[in-house]
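Now for the letters of each chain:
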Amino acid sequence: MHRFLLTPRWWGINIFVVLAVPFCLFMGSWQLGRFEDRVDSHREAGSARPAEQTAAPLDSLLPVDTKTSGRLASAAGEYGEQLLVPERRLDGVTGFYVLTLLKTDSGKAVPVVRGWLPGTADPAKAPAAPGGRVEVTGALQASENSGTKGVHSQGGLPAGQLGVIGAASLVNIVPHDLYDAWLTVQSPSDGMTPVPAAAPNNTGLDLKAFQNLGYTGEWFVFVAFVLFMWFRLYRRELETLRDAEAGLLPEAPAAKRV
């Protein structure tokens, strides 16, 4: 009754199933692992940094990655050009960042967000940076881009304002070599509010993470579909053989004689 499973047609079907099921299981497990990795990265990025964390030299933490983003970095030099970063929200209130370029001893400049103030960006409201040589400690942040949440990427800002904090946005504004990173001071002065460090890029439970989860479900559905179709074909073949043995199938018409 089951000899049909050894026919060339069923050898092909069986080989396909034997190869397809492990492949789909592997791909589903891989996509699930990618989702779990993103969840772990999200938890790590959202975990609070130790309060007693010692600041490390800025150069030792570059380039910025998921491990160094948010770490306390230190740099020494003199403050230079000051810019305002408008339309930045903090605790549901719209205000602006006070950003000052720190010309470090290495010869490069690093943008330093010295604090946040509520209201419309106004140079008269922004306190002047300390003069002379200073040592600055702040949370390290990766450069922003036009896709970063909360940035003003449309352009058209007045002189002295900056929409996106990053070397690419500053290269045509200031005459210094720039670090591809910025610092946010966690203990600002002059009545400014500290700007908290943002989570590293690509570490949140974003669309990509849920795409991985969706693909996981799709691969496991493929496994069920392959097994269902194999069983359906097997059952139909078996029923056909049983009907033939019972004489329930119509006889093929006899060939006409010429």
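The rules we used
- Residues numbered from 1 in each chain as written.
- Predicted model: local features only at pLDDT ≥ 70, side-chain atom pairs only at ≥ 80, totals over all residues.
- Heavy atoms only, no water.
- Pairing = 2+ DSSP bridges.
- Helix = DSSP H or I, 4+ residues; strand = E, 2+ residues; numbered from the N terminus.
- Polar contact = N/O pair within 3.5 Å; in protein donor to acceptor, adjacent residues only side chain to side chain.
- Contact = heavy atoms within 4.5 Å.
- Salt bridge = Lys/Arg side-chain N within 4 Å of Asp/Glu carboxyl O.
- Buried < 20%, exposed > 50% of the residue type's maximum accessible area, 1.4 Å probe, protein only.
- Phe/Tyr/Trp six-rings, centres within 6.5 Å; stacked < 30°, edge-to-face > 60°.
- Lys NZ or Arg CZ within 6 Å of the ring centre and 35° of its normal.

> Is there a simple way to think about the pairing of strand β5 (residues 133-142) in this case?
Pairing geometry for strand β2 (residues 72-90) and β5, over seven bridges, is antiparallel. Residue pairing in the sheet places S74 in a bridge with T137 of β5. As paired elements, β5 and strand β7 (residues 181-185) share five bridges and run antiparallel to each other. Within β7, the residue paired with G138 across the bridge is V185.

> What is the right way to read the side chain of S143 from this model?
Inspection of the secondary structure puts S143 in the loop between β5 and α2 (167-170). Reaching out from S143, the side chain makes a polar contact with the side chain of D180 at a distance of 2.6 Å. A distance of 3.4 Å separates the side chain of S143 from the backbone nitrogen of A181, its partner in a polar contact. Apart from the residues lying within four places of it in its own chain, the contact partners of S143 are I165, G166, A167, D180, A181 and W182.

> Looking at this structure, how should I read the pattern of salt bridges?
In a structure, side chains of opposite charge can pair up when their charged atoms sit close to one another. Counting across every chain of the model gives five salt bridges. As a salt-bridge pair, R88 and E144 come within 2.8 Å of each other at their nearest N and O atoms. Taken as a pair, R88 in strand β2 and E144 in the loop between β5 and α2 lie far apart in primary sequence, 56 residues in all. Both residues of the pair, R88 and E144, count as buried. The partner of R114 in a salt bridge is D190, with the nearest N and O atoms 3.8 Å apart. In this pair, R114 sits in strand β4 (residues 108-118) while D190 sits in the loop between β7 and α3 (207-245), placing the two residues 76 residues apart along the sequence. Among the residues examined, R114 registers a relative accessible area of 5% and is labelled buried. Classification of D190 by relative accessible area gives partly exposed; the value is 48%.

> Please explain the packing of aromatic side chains as it appears in this structure.
Aromatic ring pairs are defined here through the distance separating the ring centres and the angle between the ring planes. All chains considered together, the criterion is met by four aromatic pairs. Measuring from centroid to centroid gives 5.6 Å for F23 and W219, while their planes differ by 85°, and the two rings are edge-to-face. You can see F23 sitting in helix α1 (residues 8-46) and its partner W219 sitting in helix α3, a full 196 residues away along the chain. On the basis of an interplanar angle of 90° and a centroid distance of 5.5 Å, the ring pair of W219 and F222 is categorised as edge-to-face. Of this pair, W219 and F222 both sit in helix α3, three residues apart, which is roughly one turn of that helix. We classify F222 as partly exposed; its relative accessible area is 38%. Members of the aromatic cluster, connected to one another through ring pairs, are W10, W230 and Y234. When the ring centre of Y79 is taken as origin, the NZ or CZ atom of R114, which lies over that ring, is 5.9 Å away.

These values are about where atoms sit, not about what they do.
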